[in-house]
Amino acid sequence: MAKEHVKRITSIGGQALIEGVMMRGPRKTSMAVRLPDGSIELQELKTDYIRDKSPVWRLPLIRGIVGFIDSMRVGFRALSLSAEKSGLEEGEEEPSKLDQWLQEKFGDKIMNFIVVAGSVLGVLLAVLLFFFLPTLLFNGLEYLAGPAIAGWRSVAEGAMRILIFVAYIIFCAHMPYIKRVFQYHGAEHKTIFCYESQEELTVENVRRHIRFHPRCGTSFMVIMLLLGILIGFFIPFTNPFLRTAVKLLCIPLVVGVGYELIKICGRYDNWATRIIAAPGLWMQRITTQEPDDSMIEVAIAAMKDVIPENGEDIVCCGGKQK
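Counting from 1, residues in each chain are numbered in the order their sequence is written. Totals for whole chains, interfaces and linings use all residues, but because this is a predicted model, local features are given only for residues with pLDDT of at least 70 and pairs of side-chain atoms are given and counted only at 80 or more. Excluding hydrogens and water, the side-chain values take into account all heavy atoms of the structure.

Caption draft 1: Structural context of the environment of Ile-164. Looking at the secondary structure, you find Ile-164 in helix H4 (residues 153-173). Filtering out sequence-adjacent residues up to four positions away, Ile-164 remains in contact with Leu-129, Phe-130 and Leu-133. To qualify as a helix, a DSSP run of H or I must reach at least 4 residues; to qualify as a strand, a run of E must reach at least 2; elements of each kind are numbered from the N terminus. The criterion used for residue contact is that any of the two residues' heavy atoms lie within 4.5 Å.

Caption draft 2: Summary view of the packing of aromatic side chains. Classification of ring pairs uses Phe, Tyr and Trp, with its six-membered ring standing for Trp, and accepts pairs whose centres are within 6.5 Å; under 30 degrees between planes counts as stacked, over 60 as edge-to-face, and the remaining range as tilted. The final tally for this structure, using the stated rule, is three aromatic pairs. Plain terms: the ring middles of Phe-68 and Phe-220 are 6.0 Å apart, the flat faces sit at 45° to each other, and that makes the pair tilted. Remark: Phe-220 occurs in helix H7 (residues 217-232) and Phe-68 occurs in helix H1 (residues 62-85); sequence separation between them is 152 residues. For Phe-220, a relative accessible area of 11% gives the class buried. Categorising residues by exposure relies on relative accessible area from a 1.4 Å probe, with only protein chains included: less than 20% of the type maximum marks a residue as buried, more than 50% marks it as exposed, and the intermediate range marks it as partly exposed.

Caption draft 3: Quick look at helix H5 (residues 176-196). For H5, spanning 21 residues, the distance from its first C-alpha to its last is 31 Å, which sits close to the expected 30 Å at 1.5 Å a residue. For H5, a buried count of 16 out of 21 residues is recorded, marking the element as mostly surrounded by other parts of the structure. One or two steps after H5, the chain reaches Gln-198, where phi turns positive at roughly 60°. Each helix should span, by expectation, one fewer than its residue count multiplied by 1.5 Å.

Caption draft 4: Broad picture of the pairing of strand S2 (residues 13-17). Burial within S2 is extensive, with four of its five residues counted as buried. Paired strands are those between which DSSP finds at least two bridges. Pairing of S2 with strand S3 (residues 20-24), which is carried by five bridges, proceeds in the antiparallel orientation. Residue pairing in the sheet places Gly-14 in a bridge with Met-23 of S3.

Purely geometric stuff here, so don't read any function into it on its own.
This is how it looks when you write it as structure tokens:
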């Protein structure tokens, strides 16, 4: 008879990178990247988490907002480093005039400029697509159909945001580099599941596990989209600019509540948490893909580097497994 053991829930989380995986443990954050020569390079990331500066930042709701900011800061840095290490930025083509101009203006800080500029443009595009555009489109529908559909505003805008989000993810999934990132995403989840099952971290053991995890960032994004629908019912404004401004002001609340729900779904397994987690787990069928063995090796290397010896990463234990 197979030996029974209790499944453990860990606080360790990760992020897929370009040809690599980053893992965040209770004491350190490390990234593992597959280099062009086939070897794996491990690097500990120096972190200055806001959450560690005061107990106030670890209070419910507030910790979600702070955690989101910390994840964005460290995640962008790790993504940029992985692009450099994996050789993605190397090319044999002659630099364009724009590349030459950027190099002259920013020199060694060109990558910082690109990351900042890309982030700003990404935020502006997100605001336009997910906040402004749905309100503008519904105003057009209301003009054509009349005030009878006014009560469906929040649901319709939320449905449009979800459709835009799904379409964007599907589009990204067909890009070769992004597809490989999604495979590393799958390797990250499988490795965490293997560790939570108290199995030895080997390629064979990791490969057997599923790639859909309730604490995933994809699930977090889906939960925020759904919470946005609920909050939309309480926003009386129909002007696209004013309604967008109020929704942006509500983002900290949505992030805080969404974080708490994700933590609950990751810690408990019952009918309520399964219902909450279901939409995000479905979306992970797109944002996570089955990894190959070399990707699993990278995820294992990152995971092993952040596991503490004293078990302080264990949040709680679930049911018995055979």
